[in-house]
Amino acid sequence: MMVAEFAPAPSPATALDTDELWRLTMEHSPVGMAIISPTGGFMTANVALCEMLGHDADVLITKSFQDITHPDDLDADLRLFEQTLAGEISSYRITKRYLRADGSILVGDLSVALLRDPRGAPIHFISQVVDLSERQAFVDRLDAAEAAADAERRTAQAIFEGVAVGLLQIDAAGRYLAMNGRHREFLELAFPGGHLGQAGQTGFAYDVDQQPLVSDDMPSVRAARGEEFDDLRLWVGEDPHSRRALSVSARRVLDRTGELAGAVLAYHDVTDLVRAMGVKDEFVSTISHELRTPLTAALAYLELLDESTDVSPEGHQQVTAARRNMLRLSHLVADLLFTTRVSSGSPLVDPYRVDLAVILCEAVDAAALDADSRGVRINARVPDALPAVADGMRLRQVFDNLLDNAIAYSSPGGVVTVDLGERQERLVLTVTDEGTGIDAGDVDQVFGRFYRGANARRRQVSGTGLGLTIVRSIVEAHGGVVSLESTPGEGTSVCVLLPR
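Residues numbered from 1 in each chain as written. Predicted model: local features only at pLDDT ≥ 70, side-chain atom pairs only at ≥ 80, totals over all residues. Heavy atoms only, no water.

1. Some points on the overall build of the chain
For step 1, the next point in the chain: Within the chain, the secondary structure is distributed over 15 helices and 18 strands.
For step 2, the next point in the chain: Split into buried and exposed, the 500 residues of the chain put 37% on the buried side.
For step 3, the next point in the chain: The long-range share in the chain, meaning contacts at least 24 apart out of those at least 6 apart in sequence, stands at 53%.
For step 4, the next point in the chain: Of the accessible surface of the chain, which amounts to about 28300 Å², a share of 54% is contributed by carbon and sulfur atoms. (Helix = DSSP H or I, 4+ residues; strand = E, 2+ residues; numbered from the N terminus. Buried < 20%, exposed > 50% of the residue type's maximum accessible area, 1.4 Å probe, protein only. Contact = heavy atoms within 4.5 Å. Areas by Shrake-Rupley, 256 points an atom, 1.4 Å probe, with all protein chains shown as cover.)

2. Side note on helix H5 (residues 71-85)
For step 1, the next point in the chain: Look at H5: 21 Å from first C-alpha to last across 15 residues, which is about the 21 Å you get at 1.5 Å a residue.
For step 2, the next point in the chain: Of the residues making up H5, those classed as buried are Asp73, Leu74, Asp77, Phe81 and Thr84.
For step 3, the next point in the chain: Immediately beyond the C-terminal end of H5, within one or two residues, lies Gly87, with a positive phi of roughly 85°. (Expected span 1.5 Å × (residues − 1).)

3. What about the packing of helix H12 (residues 392-408) against helix H15 (residues 467-477)?
For step 1, the next point in the chain: Look at H12 against H15: their axes get within 9 Å of each other, and the N-to-C directions meet at 145°. When the axes of H12 and H15 are compared, the crossing they make is left-handed. Along the contact surface, H12 presents Arg394, Leu395, Gln397, Val398, Asn401, Leu402 and Asn405, while H15 presents Gly467, Leu468, Ile470, Val471, Ile474 and Val475.
For step 2, the next point in the chain: A per-class count over the contact of H12 with H15 returns eight nonpolar, four polar and one charged. (Axes fitted to C-alpha atoms, helices over the stretch in contact; angles between N-to-C directions. Left-handed = near helix turned anticlockwise from the far one by under 90°. Nonpolar A, V, L, I, M, F, W, Y, C, P; charged D, E, K, R; others polar.)

4. Remarks on the packing of helix H11 (residues 356-374) against H12
For step 1, the next point in the chain: One way to put it is that H11 packs onto H12 with a least axis distance of 9 Å and a crossing angle of 30°. When the axis of H11 is compared with that of H12, the two are roughly parallel. Helix-helix and strand crossings are classified by hand; for H11 and H12 the assignment is right-handed. Here H11 contributes Leu356, Ile359, Leu360, Glu362, Ala363, Val364, Ala366, Ala367, Asp370, Ala371 and Arg374 to the contact with H12, which in turn contributes Gly392, Leu395, Arg396, Phe399, Asp400, Leu403, Ile407 and Ala408.
For step 2, the next point in the chain: Tallied by class, the residues present in the contact of H11 with H12 amount to 13 nonpolar, one polar and five charged. (Parallel < 35°, antiparallel > 145°, perpendicular 65-115°, else oblique.)

5. Focus on the pattern of salt bridges
For step 1, the next point in the chain: Tallying each qualifying case throughout the model produces 21 salt bridges.
For step 2, the next point in the chain: When the shortest N-O distance is used, the salt bridge between Lys96 and Asp77 registers 2.5 Å. On the criterion of sequence distance, the pair formed by Lys96 in strand S3 (residues 91-99) and Asp77 in helix H5 is long-range, its members being 19 residues apart. Summarising the burial analysis for this pair, Lys96 and Asp77 share the class buried. (Salt bridge = Lys/Arg side-chain N within 4 Å of Asp/Glu carboxyl O.)

6. Let's talk about the sheet that holds S3
For step 1, the next point in the chain: Pairing in this open sheet of five strands is antiparallel, and the strands run S2-S1-S5-S4-S3 from one edge to the other. Each of the sheet's edge strands pairs with one partner strand only, and the pair in question is strand S2 (42-45) and S3. Strand-to-strand twist in this sheet, taken as the mean axis angle between neighbours without regard to direction, amounts to 25°. (Pairing = 2+ DSSP bridges.)

7. So, the nonpolar core
For step 1, the next point in the chain: Leu402 and Leu429 are the most contacted members of the largest nonpolar core, which totals 44 residues.
For step 2, the next point in the chain: Contributions of two or more residues to this core are made by H11, strand S14 (387-390), H12, strand S15 (415-423), strand S16 (426-432), H15, strand S17 (481-487) and strand S18 (491-499).
For step 3, the next point in the chain: Not counting chain neighbours up to four residues away, the residues in contact with Leu429 comprise Leu360, Phe399, Leu402, Val418, Asp419, Leu420, Val494, Cys495 and Val496.
For step 4, the next point in the chain: In this structure, Ile170, Tyr176, Phe186 and Ala199 belong to the second largest nonpolar core, which totals 24 residues. (Core = buried A, V, L, I, M, F, W, Y, C linked by side-chain atoms within 4.5 Å.)

8. A few points about the sheet that holds S15
Strand pairing in a sheet relies on backbone hydrogen bonds. The paired strands run either parallel or antiparallel.
For step 1, the next point in the chain: Judged by pairing direction, the sheet is mixed, and its five strands sit side by side in the order S13-S15-S16-S18-S17 without closing on themselves. Looking at strand neighbours, the two that pair on one side only are strand S13 (377-381) and S17, the edges of this open sheet. Mean inter-strand twist for the sheet, computed between neighbouring axes without regard to direction, equals 15°.
For step 2, the next point in the chain: One ladder, built from five bridges, connects S13 with S15; its direction is parallel. Paired with Ile378 across the bridge in S15 is Val416.

9. Some words on a nonpolar patch on the surface
For step 1, the next point in the chain: Residues Phe138, Val139 and Leu142 make up a contiguous nonpolar surface patch of roughly 240 Å² in combined accessible area.
For step 2, the next point in the chain: With respect to the helices, strands and loops of the structure, Phe138 is situated in helix H6 (residues 133-162). (Patch = residues over 30% accessible without salt bridge, like charges linked within 9 Å, V, L, I, M, F, W, Y side chains within 5 Å.)

10. Observations concerning the packing of aromatic side chains
For step 1, the next point in the chain: As enumerated under the stated definition, the model contains two aromatic pairs in all.
For step 2, the next point in the chain: Each ring, one from Phe65 and one from Phe81, has its centre 4.9 Å from the other, and the planes form 45°; the classification is tilted. Taken together, the residues span a long stretch of sequence, with Phe65 in helix H4 (residues 65-68) and Phe81 in helix H5 at a distance of 16 residues.
For step 3, the next point in the chain: Take Phe65: its relative accessible area is 7%, and that puts it in the buried class.
For step 4, the next point in the chain: Sitting above the plane of the Phe229 ring, Arg222 keeps its charged end 5.0 Å from the centroid. (Phe/Tyr/Trp six-rings, centres within 6.5 Å; stacked < 30°, edge-to-face > 60°. Lys NZ or Arg CZ within 6 Å of the ring centre and 35° of its normal.)

11. Focus: the environment of Leu484
For step 1, the next point in the chain: In this structure, Leu484 sits in strand S17.
For step 2, the next point in the chain: Separated by eleven residues in the primary sequence, Leu484 and Cys495 place their C-alpha atoms 6.3 Å from one another.

12. Section: the environment of Val165
For step 1, the next point in the chain: One can find Val165 in the loop between H6 and strand S6 (166-171).
For step 2, the next point in the chain: Judged by its relative accessible area of 22%, Val165 is partly exposed.
For step 3, the next point in the chain: Residues Val165 and Asp269, 104 residues apart in the sequence, show an inter-C-alpha distance of 7.3 Å.

13. Section: unusual backbone geometry
For step 1, the next point in the chain: Notably, Gln210 is not glycine yet its phi reads approximately 65°, a positive angle.
For step 2, the next point in the chain: The residue Gln210 is located in the loop between strand S8 (205-206) and helix H8 (219-224) in this model.

14. Some details on the side chain of Ser410
For step 1, the next point in the chain: Along the chain, the position of Ser410 falls in the loop between H12 and S15.
For step 2, the next point in the chain: Taking the relative accessible area as the measure of exposure, Ser410 reaches 6% and is therefore buried.
For step 3, the next point in the chain: In this structure the side chain of Ser410 is engaged in a polar contact, spanning 2.6 Å, whose partner is the backbone oxygen of Ala406. (Polar contact = N/O pair within 3.5 Å; in protein donor to acceptor, adjacent residues only side chain to side chain.)

15. Quick word on the environment of Glu238
For step 1, the next point in the chain: Tracing the sequence through the fold places Glu238 in the loop between strand S9 (229-236) and strand S10 (244-254).
For step 2, the next point in the chain: C-alpha of Glu238 to C-alpha of Phe204: the two residues are 34 residues apart in sequence and 5.5 Å apart in space.

Listed below in structure tokens is the structure:
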């Protein structure tokens, strides 16, 4: 008969003592732990808590939890401590601030439990502290960021509602997301019966010629398609006498992937400006027409005097000077009349078969008077004939303006070179001077209406700033293009390309 053998149970000496197990747990815990006496003094503290508070263990056991608690948090902690001693609660948990050895603040999550003997008498408190400083710092930063964002939002809202420009935000489907009070005023003019908050409604909206706008041409529809534009003009309002002129700009809004998310539009009331420009154009047109008749008569009489044999040589010089200035004035009047025609939307050119070589030679002969008086020589390279279908009168205006500019900005002894020819089924005119040139910052603006560059102001060159604007308008009306190159101190070259 066999008897089973069993291994003997481990003796108490081979098992970890409970106190030793507790000591090891406390010593190696990443959580701050301490044993606190019923009076609040530190009996022991682990390494984690000492590092949190910045105290060595032998220093910490000379203190009480009251010594290292932030004064503003001490009353709450003491109240819970006393309730636990009184048996009203067995444990508690609180977030509190500790004073570290270097004077800085530690935010900790404190858990406290009271150990009692079999008779219920308090032995000591077991405290555990989790460092919440980083989390609290994050919360503080988040609170600060939210406060800053809220302040920015309120500031942006104040600006949004306070500006005199109508502002509108739409999504990619054309739905209205936000608008300010100024834009609501414009909507009430265009849609007195109410607006549905969706791009595409027309209402009482009109183009620059006061013709009703179709849905596809509405600024909001174009912006919803992803178009960006500036100074798009329209009129809004049912009554023609009280309509408002609006200048609209639009910019796309993209999402984080770069896809179109919508657009923001700005509506600026330019009614007073548009009406003032209309009054000015009407005034300029009236004055120009009134000046044209006496100028024509004066030029005719001066021409007769210049050809008369009864006039002395000195008189011929005076007549030549008067004729030169009258021609200059005649050119200015023609320029002003043309700008009013451009503004009115009337056809700018009336093409017919002409010889550009003849027209250019006539312009060069007329400019020779001014060139001679300034000591400037004109070198013209013109073919015997160059037929084309064009508006001869308007192209003469182009030639006159380009020659006037080239002569005006040339220095005495300078040469103005004029070339007329053909290039790849196009007619090419180039006018080049050896003058002061145009500043780099002005080159892109010289074709603007009434623009006068820095070189004109420095040299005190007289003029209206309309010459190159008229040149571009006439050339483009012929289906051509005009370009300009200039080097300060070396001169300027203007090139005109026209279709045959």
